[in-house]
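Chain by chain, the residues run as shown.
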Amino acid sequence: MTPLKQLPAWKVLEQHFKTMRTFDMRTAFREDAHRFDQLSLRCGNLLLDYSKNRITAETMAHLMQLARESDLESTRNAMFSGERINFTERRAVLHVALRAPTRPRLMVEGVDVEHEVALVLKRMQHFVESIHNGSWRGHSGKPIRDVVNIGIGGSDLGPAMVCAALDHHALESVRVHFVSNLDPAHLATTLKHLDPETTLFIVASKTFTTLETLANANSAKAWLLAALRAPAAVARHFVALSTNTEAVEAFGIDPDNMFIFWDWVGGRYSLWSAIGLSIALQIGWGNFQALLAGAHAMDVHFKEAPLEANMPVILGMLGIWYANFWGTDTHGIFPYDQRLRLLVPFLQQLDMESNGKNVNRANHMVNYNTGPIVWGAPGTNGQHAFFELIHQGTRLIPTDFLMAAVNQTPLADQHEWLLANCMAQSEALLKGKPRGVIEAELISQGMSREAARALAPHKVFPGNRPSNTLLYQKLDPHTLGMLLALYEHKIFVQGVVWQINSFDQWGVELGKQLAPPIRAALSSVRAVGEHDGSTQGLIADIRRRRGLST
Ligand code: F6P
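Computed from a predicted structure; not experimentally measured. (Residues numbered from 1 in each chain as written. Predicted model: local features only at pLDDT ≥ 70, side-chain atom pairs only at ≥ 80, totals over all residues. Heavy atoms only, no water.)

Draft legend 1. Quick look at the site of the ligand. Inspection of the region around the ligand gives 14 residues, with Ser155, Ser205, Lys206, Thr207 and Thr210 positioned closest. Gln349 is positioned such that a nitrogen or oxygen atom in its side chain is 3.1 Å from an oxygen atom of the ligand. Split into classes, the residues belonging to the shell around the ligand amount to 2 nonpolar, 9 polar and 3 charged. (Near = heavy atom within 4 Å. Polar contact = N/O pair within 3.5 Å; in protein donor to acceptor, adjacent residues only side chain to side chain. Nonpolar A, V, L, I, M, F, W, Y, C, P; charged D, E, K, R; others polar.)

Shown next, in the form of structure tokens:
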């Protein structure tokens, strides 16, 4: 494998970047009336406008050449055909197979993918319908009214985000809740208004060993049993979503109440699997299928469109351009769509757990930046909080704006203002506002020339700041599926170019290993000496506050 920085296209891009340092998008728009047409792309009802970037046609050609030299196309095909591209865990990566209407005949780790996926989907559908039509009853014979998904990370963020995004498609018959945090307040506040007789718990955990999930599931079981006073009640009020049948049984859930998935579904890519059960319960089976179909449509596009007209490839390579040539550290995501309020936390895991890596496929430390810090908030809230820094701060921050063309909540003209604000922000980032214009404005408002000259620099918007805009028709299950798969594949593209493994997560392990001895030191007389001075000091202080000896 040729190291990234030695690829011919990388070297060409380094030279090209020198000519682009002074590139001004405003001039580019003035000189080329077709810039928007040339630097925008449609896929289904999605429109990606990437014309507000510090790029030319030449930049894009070099970036696509870099993608080719990085073997993007063959690695993409390897993923779709079930090769073990997760090389540190020796696993295939096949979340795409979960949403394909007709799956290729694939045997992966002894599993007939097509057959098994179809089987689990059938069982899920049957279960979802039995909850909705009331044929599944709680222990005392009452129908289920509330569903609590207990999970964390990929077993929480995906389904929670989709349920928030598609709340307007929610069925009346059940309410879905999510509990993830180890903080007992999360479970306690959720259960406060629920009735044990009509509540179903979904314990969602790929490994079924996760501390937070098992702790919350055990507390939920105790809450249920305290009210229903019959161990048999667990079978009517608990189901599990997992790859680990033994652990599910050990917890006390009948394998008949378990929906399986497989090692080749990464946690952060699992909402399309049995982990999506809470989604199907909220929006109904037909809508869940539409979500899968939308993701599949994006899979087909990613697999078949030429790189130059491939949305995930374009987004991914633009991210490489900024992170590795312009030296940006972060990427802002701003959905002007309140229903996408949980998109950022979801994408934080998807992107940062996938590409927050520093060792490449040849097992060497990389000598370039990899995954960006992903952050953001729904618009217009962000405007009144941190947009100051994007407009006037010292850092260059590439951003994605997302907006729906069609209003699904007719409340006066609020949606029109929402769209106007979204476009006003990206326009302001692009155009900026020069000092001369500001001075003239201040003087025309009656300010003295001297005072205007002093104040004007503080009011300057430098402009020439990049953004992508993703415009969609309206947030429906199919469109959401497309959007989520778009980001999944964007992240894949970047991982391939950075030559890292986007599908493991070893970086989450050390903290998990260090927690048990700290937990023991907090409450017992266990020596705190094995910890660093700071941790020792903190433990000692907590023990003192509890009246324990230090
Ligand atoms: O600790 C990180 C992580 O392993 C994520 O990758 C995963 O999504 C989450 O924890 C939850 O894991 P599980 O589904 O096995 O409980």
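Draft legend 2. Fine view of the environment of Ala235. Relative to the elements of secondary structure, Ala235 occurs in helix H10 (residues 234-237). For Ala235, a relative accessible area of 34% gives the class partly exposed. When the C-alpha atoms of Ala235 and Thr19 are compared, they prove to be 67 Å apart, with 216 residues separating the residues in sequence. Non-local contacts of Ala235, meaning those with residues more than four positions away in its chain, are made with Trp136 and Asn257. (Helix = DSSP H or I, 4+ residues; strand = E, 2+ residues; numbered from the N terminus. Buried < 20%, exposed > 50% of the residue type's maximum accessible area, 1.4 Å probe, protein only. Contact = heavy atoms within 4.5 Å.)

Draft legend 3. Main features of the packing of helix H1 (residues 8-20) against helix H4 (residues 57-69). Direction vectors running N to C along H1 and H4 enclose 160 degrees, while the axes themselves pass 9 Å from each other. Relative to H4, H1 is oriented roughly antiparallel. Where H1 crosses over H4, the handedness of that crossing is left-handed. Taken together, the residues of H4 that come into contact with H1 (itself represented by Pro8, Ala9, Trp10, Val12, Leu13, His16 and Met20) are Glu58, Thr59, His62, Leu63, Gln65, Leu66 and Glu69. Partitioning the contact of H1 with H4 into residue classes produces 8 nonpolar, 4 polar and 2 charged. (Axes fitted to C-alpha atoms, helices over the stretch in contact; angles between N-to-C directions. Parallel < 35°, antiparallel > 145°, perpendicular 65-115°, else oblique. Left-handed = near helix turned anticlockwise from the far one by under 90°.)

Draft legend 4. Region of the structure containing the packing of helix H13 (residues 285-304) against helix H14 (residues 311-326). Packing of H13 against H14 brings their axes to within 8 Å, and their N-to-C directions diverge by 70 degrees. The angle between the axes of H13 and H14 places the two elements in the roughly perpendicular class. Each of Met298, His301 and Phe302 in H13 lies in contact with H14, whose residues at this interface are Met311, Pro312 and Val313. When its residues are assigned to classes, the contact of H13 with H14 shows 5 nonpolar, 1 polar and no charged.

Draft legend 5. Focus on unusual backbone geometry. With an omega of 10 degrees, the peptide bond running from Gly379 to Thr380 counts as cis. The topology assignment puts Thr380 in the loop between strand E11 (373-376) and helix H16 (387-392). In this structure, Arg229 takes a positive phi of about 50 degrees despite not being glycine. Structurally, the position occupied by Arg229 is in the loop between helix H9 (211-228) and H10. We classify Arg229 as exposed; its relative accessible area is 69%. Even without being glycine, Asn363 reaches a positive phi, approximately 65 degrees. Within the secondary structure, Asn363 is located in the loop between helix H15 (343-355) and E11.

Draft legend 6. Main features of the pairing of strand E10 (residues 330-336). Burial of E10 is extensive: 7 of the 7 residues sit out of reach of the surface. Residues of E10 alternate between two faces, with Thr330, Gly332, Phe334 and Tyr336 on one and His331, Ile333 and Pro335 on the opposite face, all of them buried. In this fold, the crossover linking E10 to E11 by way of H15 has right-handed handedness. Relative to strand E12 (residues 399-404), E10 runs parallel, the two sharing 5 bridges. Bridging from a neighbouring strand, Tyr336 pairs with Met403 of E12. (Right-handed = clockwise from strand over helix to strand, strands pointing away. Pairing = 2+ DSSP bridges.)

Draft legend 7. Spotlight on the packing of aromatic side chains. The full count for this structure, using the stated rule, is 26 aromatic pairs. On the numbers, 4.9 Å between centres and 5 degrees between planes, the contact of Trp262 with Trp264 is stacked. Take Trp262: its relative accessible area is 8%, and that puts it in the buried class. Three or more aromatic residues link up through ring pairs in this structure, and these residues are Trp10, Phe17, Trp321, Phe325, Trp326 and Tyr368. (Phe/Tyr/Trp six-rings, centres within 6.5 Å; stacked < 30°, edge-to-face > 60°.)

Draft legend 8. Seen up close, the pairing of strand E7 (residues 199-204). Here E7 lies mainly inside the structure; 6 of its 6 residues are buried. Across the two faces of E7 the burial is the same, with Thr199, Phe201 and Val203 and Leu200, Ile202 and Ala204 all buried. Two elements, strand E5 (residues 146-150) and E7, share 5 bridges in a ladder whose sense is parallel. Among the inter-strand pairings, Val147 is bridged to a residue of E7, identified as Leu200.

Draft legend 9. The arrangement of the environment of Phe401 in detail. Within the secondary structure, Phe401 sits in strand E12. Note on Phe401: relative accessible area 0%, which makes it buried. Along the primary structure Phe401 and Leu471 are separated by 70 residues, whereas in three dimensions their C-alpha atoms are 8.3 Å apart. Setting aside anything within four residues of it in sequence, one finds Phe401 in contact with Phe334, Tyr336, Phe387, Cys422, Gln425, Ser426, Leu429, Ser467, Asn468, Thr469 and Leu470.

Draft legend 10. Region of the structure containing the sheet that holds E11. Spatially, the 6 strands line up as an open sheet ordered E1-E2-E13-E12-E10-E11, and their pairing is mixed. The open sheet terminates on both sides in strands that have one partner only, identified here as strand E1 (40-43) and E11. The average undirected angle you get between the axes of adjacent strands in this sheet is 20 degrees. Direction of pairing for strand E2 (residues 46-49) relative to strand E13 (residues 468-472): antiparallel, over a ladder of 3 bridges. Bridging from a neighbouring strand, Leu48 pairs with Leu470 of E13. Contacting E10, E12 and E13, helix H17 (residues 414-431) runs over the sheet at an angle of about 160 degrees to E12. Along the sheet face, helix H20 (residues 477-497) touches E1, E2, E10, E12 and E13 and points at about 155 degrees away from the line of E13.

Draft legend 11. Focus on H9. Look at H9: 26 Å from first C-alpha to last across 18 residues, which is about the 26 Å you get at 1.5 Å a residue. Among the residues trailing H9, Arg229 stands out with phi positive, at a value near 50 degrees. (Expected span 1.5 Å × (residues − 1).)

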